[in-house]
Amino acid sequence: MINFEDITNIEANIQQVSANIAEACKTSGRNQSEVRLVAVSKNHSPQQILQAVEAGLMQFGENRVQEARDKHPLLPENLSWHLIGHLQRNKVRLALKLFDLIHGVDSLELASAIDRIAAEEGLLPRVLLQVNVSGEGSKFGFQPDQLPAAMEELLTLERLDIIGLMTIAPMASEQDAVRPYFAGLRELRDQIQEQMAVGLPELSMGMTGDYQVAIEEGATMVRIGTAIFGKRDYSKE
Ligand SMILES: *Cc1c(COP(=O)(O)O)cnc(C)c1O
């Protein structure tokens with residue numbers, strides 16, 4: 001028997017999300033080409049990812065290195081993969097092989113480990129620094145007030161190509177409640193760019209519950225799972 005609640009129309013969802021992105025761009029006077037949609041496919045099958053590919057998406061986000069490694073061989077080679085979760089140091093080498101962009105560089109120790117392994121592998125990985133804008137203890141990331149000092153050291157890591165910042169806003173029932181966190185990340189970025197003469201063009205912020213506001217506050221990448229693929233099923237783990 002088919003349970004229709006399990007059927008997600010991925011193509012229709014992508015159209016809806018794209019329309020919402022377009023609207024948020026319009027509201028804030030931004031060009032839609034400035035905002036990249038990263039479809040978060042964690043816990044979803046290669047078949048579901050293929051549906052999103054057929055609907056035109058090329059960039060996918062996974063939060064586990066192992067899961068990405070298992071999915072890669074089953075999917076087209078021209079897709080671009082983003083690591084959006086916390087990266088353990090013993091998985092750095094594999095992560096560098098699988099992902100085009102690492103969103104969650106959340107400590108100096110991890111940054112140094114990536115730099116060292118990238119040197120061994122002859123790579124220049126592109127990364128984002130995760131910032132814990134809400135200060136919640138459960139979240140990874142640099143504290144905003146510590147990032148400028150950490151940046152001095154991060155910039156000495158010659159292999160790391162730091163192209164921007166990433167954050168996860170706290171859960172909120174109203175999108176407007178998270179606006180200050182997104183604005184805060186943009187202001188922190190502006191401050192660091194000015195003080196240190198570095199370019200940090202990318203702001204990875206916004207998920208299913210809050211991406212329109214994130215775009216209004218300057219997001220260049222939104223990481224969207226549920227609104228595209230439906231609810232994640234963790235029962236099979
Ligand atoms: C799971 C996840 C997302 C996607 O969340 P949705 O609410 O399903 O859109 C985005 N970013 C990170 C870091 C995640 O872990």
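For the structure itself, consult the block above.
Residues numbered from 1 in each chain as written. Predicted model: local features only at pLDDT ≥ 70, side-chain atom pairs only at ≥ 80, totals over all residues. Heavy atoms only, no water.

**Some points on the site of the ligand**
In the vicinity of the ligand, the residues found are Val 40, Lys 42, Ile 84, Met 166, Ile 168, Met 207, Thr 208, Arg 223, Ile 224, Gly 225, Thr 226 and Arg 232. Separating a nitrogen atom of the ligand from a side-chain N or O atom of Arg 223 is a distance of 2.8 Å. A distance of 2.5 Å is found between an oxygen atom of the ligand and a side-chain nitrogen or oxygen belonging to Thr 226. When the free accessible area of the ligand is taken as 390 Å², the share hidden by the protein chains comes to 89%. Given that more than half its atoms are within 2 Å of the pocket grid, the ligand belongs to the largest pocket. Among the residues making up the shell around the ligand, the classes are represented as 6 nonpolar, 3 polar and 3 charged. (Near = heavy atom within 4 Å. Polar contact = N/O pair within 3.5 Å; in protein donor to acceptor, adjacent residues only side chain to side chain. Areas by Shrake-Rupley, 256 points an atom, 1.4 Å probe, with all protein chains shown as cover. 1 Å grid on protein atoms, 1.4 Å probe; cavity = no way out; pocket = protein on both sides within 12 Å on 5 of 7 lines; lining within 4 Å. Sits in = over half its atoms within 2 Å of the grid points. Nonpolar A, V, L, I, M, F, W, Y, C, P; charged D, E, K, R; others polar.)

**Observations concerning the packing of helix 6 (residues 147–154) against helix 7 (residues 179–196)**
The geometry of helix 6 relative to helix 7 is characterised by a closest axis approach of 11 Å and an angle of 50° between their N-to-C directions. Comparing their axes, helix 7 and helix 6 come out oblique. For the crossing formed where helix 6 meets helix 7, the hand is right-handed. When helix 6 is examined against helix 7, the residues Leu 147, Pro 148, Met 151 and Glu 152 are found in contact with a partner set consisting of Leu 188, Gln 191, Ile 192, Gln 195 and Met 196. Within the contact of helix 6 with helix 7, the residues separate by chemical class into 6 nonpolar, 2 polar and 1 charged. (Axes fitted to C-alpha atoms, helices over the stretch in contact; angles between N-to-C directions. Helix = DSSP H or I, 4+ residues; strand = E, 2+ residues; numbered from the N terminus. Parallel < 35°, antiparallel > 145°, perpendicular 65-115°, else oblique. Left-handed = near helix turned anticlockwise from the far one by under 90°. Contact = heavy atoms within 4.5 Å.)

**Structural notes on the packing of aromatic side chains**
A ring pair, where both rings are aromatic, is described by two values, the distance of the centres and the angle of the planes. Considering all chains together, one arrives at 1 aromatic pair under this definition. When the ring of Phe 60 is compared with that of Trp 81, the centres are 5.7 Å apart and the planes differ by 40°; the resulting orientation is tilted. Remark: Trp 81 occurs in strand 3 (residues 80–83) and Phe 60 occurs in strand 2 (residues 59–62); sequence separation between them is 21 residues. As far as the burial class goes, Phe 60 and Trp 81 line up, both buried. (Phe/Tyr/Trp six-rings, centres within 6.5 Å; stacked < 30°, edge-to-face > 60°. Buried < 20%, exposed > 50% of the residue type's maximum accessible area, 1.4 Å probe, protein only.)

**A short note on the layout of surface pockets**
Taken as a whole, the largest pocket spans an internal volume of roughly 710 Å³. In this structure, the largest pocket is lined by 28 residues; those nearest its centre are Lys 42, Ile 168, Ala 169, Met 207 and Arg 223. (Points joined across faces, edges and corners; volume = space filled by probe spheres on them.)

**Focus on the pattern of salt bridges**
If you walk through the whole model with that rule in mind, you get 14 salt bridges. Salt-bridge contacts for Glu 121 lead to Arg 93; the nearest nitrogen and oxygen are separated by 2.7 Å. Taken together, the positions of Glu 121 in helix 5 (residues 108–121) and Arg 93 in helix 4 (residues 92–98) put the pair 28 residues apart, joining distant regions of the chain. Of the residues examined, Glu 121 reaches a relative accessible area of 32% and is grouped as partly exposed. Residue Arg 93 is classed as partly exposed on the basis of its relative accessible area of 33%. Connected through shared salt-bridge partners, Asp 176, Arg 179, Arg 186, Glu 216 and Glu 217 make up one network. (Salt bridge = Lys/Arg side-chain N within 4 Å of Asp/Glu carboxyl O.)

That is the geometry; function is a separate question.
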